[in-house]
There are 4 protein chains.
Amino acid sequence: MNVTFIGLGIMGRGMAANLLRHDDVTLTVFNRSPEPAEALAEAGARIASSAAEAVAEADIVFTMLAEPSVVEAVAFGEAGFVPSMREGALWADCSTVNPSFSRAMAARAGEHGLRFVDAPVAGTKKPAEDAALTFLVGGPSEDIETLRPLFECMGQKVVHVGETGQGTAFKMLVNAQLAQSMLVYAETALLGESLGFSRDFLMDTLPNLPVSAPFLAGKAELIRSGDYAAQFPLEWMHKDLQLLDLTAYEQNQPLYLANLAKSLYGSAKAAGHGRDDFAAIHAYLAGRSDNH
Amino acid sequence: MNVTFIGLGIMGRGMAANLLRHDDVTLTVFNRSPEPAEALAEAGARIASSAAEAVAEADIVFTMLAEPSVVEAVAFGEAGFVPSMREGALWADCSTVNPSFSRAMAARAGEHGLRFVDAPVAGTKKPAEDAALTFLVGGPSEDIETLRPLFECMGQKVVHVGETGQGTAFKMLVNAQLAQSMLVYAETALLGESLGFSRDFLMDTLPNLPVSAPFLAGKAELIRSGDYAAQFPLEWMHKDLQLLDLTAYEQNQPLYLANLAKSLYGSAKAAGHGRDDFAAIHAYLAGRSDNH
Amino acid sequence: MNVTFIGLGIMGRGMAANLLRHDDVTLTVFNRSPEPAEALAEAGARIASSAAEAVAEADIVFTMLAEPSVVEAVAFGEAGFVPSMREGALWADCSTVNPSFSRAMAARAGEHGLRFVDAPVAGTKKPAEDAALTFLVGGPSEDIETLRPLFECMGQKVVHVGETGQGTAFKMLVNAQLAQSMLVYAETALLGESLGFSRDFLMDTLPNLPVSAPFLAGKAELIRSGDYAAQFPLEWMHKDLQLLDLTAYEQNQPLYLANLAKSLYGSAKAAGHGRDDFAAIHAYLAGRSDNH
Amino acid sequence: MNVTFIGLGIMGRGMAANLLRHDDVTLTVFNRSPEPAEALAEAGARIASSAAEAVAEADIVFTMLAEPSVVEAVAFGEAGFVPSMREGALWADCSTVNPSFSRAMAARAGEHGLRFVDAPVAGTKKPAEDAALTFLVGGPSEDIETLRPLFECMGQKVVHVGETGQGTAFKMLVNAQLAQSMLVYAETALLGESLGFSRDFLMDTLPNLPVSAPFLAGKAELIRSGDYAAQFPLEWMHKDLQLLDLTAYEQNQPLYLANLAKSLYGSAKAAGHGRDDFAAIHAYLAGRSDNH
């Protein structure tokens, strides 16, 4: 089976490496900057010189790219790969995008005789390396069955959420919960500090109560340590909130709190926290009044 | 031990009934409207004719009242009970109020030679009846030890959070998480419905992921059933958000999302959902666009 | 001078009619639905059968379309007009769009050897008919001088704001002020009513104080009458706030209040006020609590 | 006529000085810190040693104090002046408070046989000195007629807005417009700068369009100069927004934008801008991202 993987960022390089463990896979990789591909080449992947060249023989193409405009440019821009794919081949986009974009990509891929599955992942860098991701997948069942052995090389769980676009849609809902739960907790904890509780007390207690999302216990450790090395960079979360907001607009379903959260993450990004983990919203809010 | 319980609302009547199970307690009760006291009288409580009369012999006085202005009126207003308490007696206020108010009550009680503990509870009607509450307690350790056997009659757990006012402060943080997690989930789920997911799917999946606070699984059942019989009335949550906002102002620690949540719960209350469970924020948001 | 006008909606039909008053103009018009063109044909315009055909002989092309995606489709989509324009011809886009979009259109027009000016207007239906618009124009001075006599046929004032995209940018700032001033006033006035002031009193006094934007006096008349026949439809304002929000994201310059305003106008639109004047945000906020 | 003036802050000292110009007025003044009274003593005022002593002979008492809790303490606290007033005397409170507070003060003054008028002012330091204030007055007509000559000593205009509390209510609406118009303009102008407009251009144009409140032209001068010497301190505006929010809660009339504005002014205050003019919200928003 000829498989191509395009986009070797923080997530993609781990995912592609795991694909190499599959016996029946012949892997070709492409990335705009060449360095990340080299380690994969040593492990047995072929490095393509362009996205178009990478897909020419592929049965299956995975993309893992930063945002919709990048996916569109790589797939359909000048030297985009879609026109070079073989008729009937299958494109699985693992990028975190917005549902209407996934549906548009599926439609345009269809015009080229291609099949399309949206397959964003739950999980960050380490689960990508450890093949512990969860794939949230939208598309026809038979295409998903074709992809399942490959998903299972890269992850622990495959959830077929619904038709084309619904994988992306569900991922968006999950990230909406993440972004806002984090921010609410940060504001709550900072009020708690101002009322005399120690940071340790707040990090030990609140995240473990049923009123708090369980992922917050891990984020509390980042806050406690002050080390915000990014598992999930704040600027990606800001971008996801922008796509969420766009979706809310398209659906005419206003999201009051998510929109305000976008403004606050945006301020944190403008203040230099974009490449920190999104838990650094706590540091931003804490520091806002310290500079004067 | 002479114990007095003032305030026999949804919560207070269950709590007072559980105090009667304690062998060493002689219980006196008072409520502004007399009906709730009668069942307790049958179970062995003495009904007092006024708050002042109720406390005259008391070693310990519990109050469980609706909001700060009511506590202040019952304690210090015309015919308030505080001046009638015996010197050295202990007042435990279980009402959900704000920290600066608890501290003010403690100071004013001290001027009358009284001891004061703030002891709000986590838990709603059924835990109150089943003696399954958690007491979040602020005050001197020796006073809390005096109260502990009584708290344990009414609840499962006593958490000594810190000095006077910190019980109230911690309760406020817990309710902040509750109010906002509920609202964020409601907005997220409604976007999900607009994107084509069924309500059942959203209620089954999202609350059970680590991105969601565990209490939401129970609230999801209310949303699914459409039966919002109040465990925690929305208008109480609105009031708690108002006290939270006041506290944020006093501490000069702005709470962006909590303040916006207050506006939305306020709109839901104005639209007639005040006596529903606060999970009815979902019904309010869903219905906002249905009337045209 | 061969002039083409594409987009004969509420605004465009009045503007095109005024162009006919210019002696040196030979006018060709195109609209997706043919009806609005007919009255113009009677007045001397030639009706084209497609956008591409409409521009083939044009020296100058005006577009007045609903939103960026429509402008892009009409200009560059299948059968888009841009490839049919003569080299060196000038395209003036009067649509209300976002600055990065205007700049992208200018760049793409440039690739076809065309000149581009962004020229959105301040003013609504009646000023369009009365040739009383203000043009907010971005682009090279010589192009604007070429257009000036035509602008002056359609409006009273031409403000050359800056380079390409700055006309659109300034229009966006103006609409940001409009949308938010209207909403703030509506919320203020509704609180005033709840405090016992009559609607008449609030409409007579507040808009005429220096604390209120002068345009509010006119909107107060709509509120007073309850007749929200659209001068500026609420759904257009909602769209403009979405473009504003996109721009704030691109610039990483968070707009807290404008974003919240977008949510509220979005709720008003979802509740059926989309085609009312945007002053109907007052009716939406007033009615929110009336349906129960 | 014996007149007493209590509260000689930025506003009060100018107002009291103007009262001295009235031939029939014998003026007594009191202020917690004695310095501001001394200049008035030189001009002919009697300095009282306490608030209670200050009012003993007064026909009319004016108060101009910082906030409700201060008014309550000075009027009804230990050594409060109300019990020392002569029966039938008239208390005019010029402080900026909230309507329910004014009504409560009126009721409690009535219990002491006193008359009460709420008479907050529109205008800042210079108009107070120049006798150019506008009085927004609530209360019985005959009381207002009694006060009118004194108001006219201190100001240019007396608007009898309605019954007791309505002066305060209208002042609150005016300040709501001020606070939010200022903030909206600051956010709009900062987006404008990010889009390439010069600060001068934005300060020259936007405030003079009908989409902007006319008072903004003056505030634009502060922004342009960077000199935020307070005409109206930001921390007072923050306090007024808190009282507005309390009123919205009491009236169950949510104010979405005003509440968010409160959070932003609160952040600006926490960042050290409390004593600057409230136009410094522009400096706060501009600087938020500059510290990294």
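All figures in this text were calculated on a predicted structure; none of them were measured in a lab. (Residues numbered from 1 in each chain as written. Chains lettered and ligands numbered in written order. Predicted model: local features only at pLDDT ≥ 70, side-chain atom pairs only at ≥ 80, totals over all residues. Heavy atoms only, no water.)

**Focus: the interface of chain B and chain A**
Part 1 of the argument: Taken residue by residue, the interface counts 50 residues in chain B and 50 residues in chain A.
Part 2 of the argument: When the two sides are added together, the surface that chain B and chain A hide from each other amounts to roughly 4,400 Å², 71% of it contributed by carbon and sulfur.
Part 3 of the argument: Counting the surface chain B buries against chain A, the share from its top three residues, Gln177(B), Leu195(B) and Leu257(B), is 16%.
Part 4 of the argument: Taken together, the links from chain B to chain A amount to 0 salt bridges. (Contact = heavy atoms within 4.5 Å. Buried area = accessible area lost by both parts, 1.4 Å probe. Salt bridge = Lys/Arg side-chain N within 4 Å of Asp/Glu carboxyl O.)

**Quick notes on helix 11 (residues 234–251) of chain A**
Residues and elements named next belong to chain A.
Part 1 of the argument: For helix 11, built from 18 residues, the straight-helix expectation of 26 Å at 1.5 Å per residue is met to within 8% by its first-to-last C-alpha distance of 25 Å.
Part 2 of the argument: The buried fraction of helix 11 is high, at 13 of 18 residues.
Part 3 of the argument: Positive backbone phi, approximately 50°, marks Asn 252, located one or two places after helix 11. (Helix = DSSP H or I, 4+ residues; strand = E, 2+ residues; numbered from the N terminus. Expected span 1.5 Å × (residues − 1). Buried < 20%, exposed > 50% of the residue type's maximum accessible area, 1.4 Å probe, protein only.)

**What to know about the relation of the copies chain B and chain A**
Part 1 of the argument: Between chain B and chain A, the superposition needs a rotation of 180° and an axial shift of 0.0 Å, giving an RMSD of 0.0 Å. The transformation relating the two chain copies, once decomposed into turn and shift, fits a two-fold axis. Nearest to the rotation axis, the C-alpha of Ala213(B) is located 1.9 Å from it, this being the minimum over chain B.
Part 2 of the argument: A shared interface surface links the copies, since 100% of the contact residues of chain B are contact residues in chain A too. (Least-squares fit on C-alpha atoms with pLDDT ≥ 70 in both.)

**Let's talk about unusual backbone geometry**
Part 1 of the argument: For Ala131(B), which is not a glycine, the phi torsion comes out positive at approximately 55°.
Part 2 of the argument: Within the secondary structure, Ala131(B) sits in the loop between helix 6 (125–129) and strand 8 (133–138).

**Let's talk about the packing of helix 4 (residues 68–76) of chain C against helix 5 (residues 99–111) of chain C**
Residue and element names in this part refer to chain C.
Part 1 of the argument: Where helix 4 meets helix 5, the axes come as close as 11 Å, and the angle between the chain directions of the two elements is 5°. The angle between the axes of helix 4 and helix 5 places the two elements in the roughly parallel class. Residues Pro 68, Val 71, Glu 72 and Phe 76 of helix 4 pack against Phe 101, Met 105, Arg 108 and Ala 109 of helix 5.
Part 2 of the argument: Broken down by class, the residue content of the contact of helix 4 with helix 5 amounts to 6 nonpolar, no polar and 2 charged. (Axes fitted to C-alpha atoms, helices over the stretch in contact; angles between N-to-C directions. Parallel < 35°, antiparallel > 145°, perpendicular 65-115°, else oblique. Nonpolar A, V, L, I, M, F, W, Y, C, P; charged D, E, K, R; others polar.)

**Comments concerning the confidence of the model for chain A**
Part 1 of the argument: Averaged over every residue, the pLDDT of chain A is 96; the share at 70 or more is 99%.
Part 2 of the argument: In the model output, the complex is listed with pTM 0.95 alongside ipTM 0.95. (pLDDT = per-residue confidence, 0-100.)

**Description of the pattern of salt bridges**
Part 1 of the argument: Scanning all chains against the criterion turns up 68 salt bridges over all chains.
Part 2 of the argument: A salt bridge links Asp277(C) to Lys219(C); its shortest N-O distance comes to 2.9 Å. Taken as a pair, Asp277(C) in the loop between helix 12 (256–273) and helix 13 (281–287) and Lys219(C) in helix 10 (residues 216–225) lie far apart in primary sequence, 58 residues in all. The pair formed by Asp277(C) and Lys219(C) is uniform in burial state, with each residue classed as buried.
Part 3 of the argument: Its salt-bridge partner being Lys262(D), residue Asp245(D) comes within 2.7 Å of it at the nearest N-O pair. Here the residue Asp245(D) occupies a position in helix 11 (residues 234–251), and Lys262(D) occupies one in helix 12 (residues 256–273), the gap between them amounting to 17 residues. Like Lys262(D), Asp245(D) is buried.

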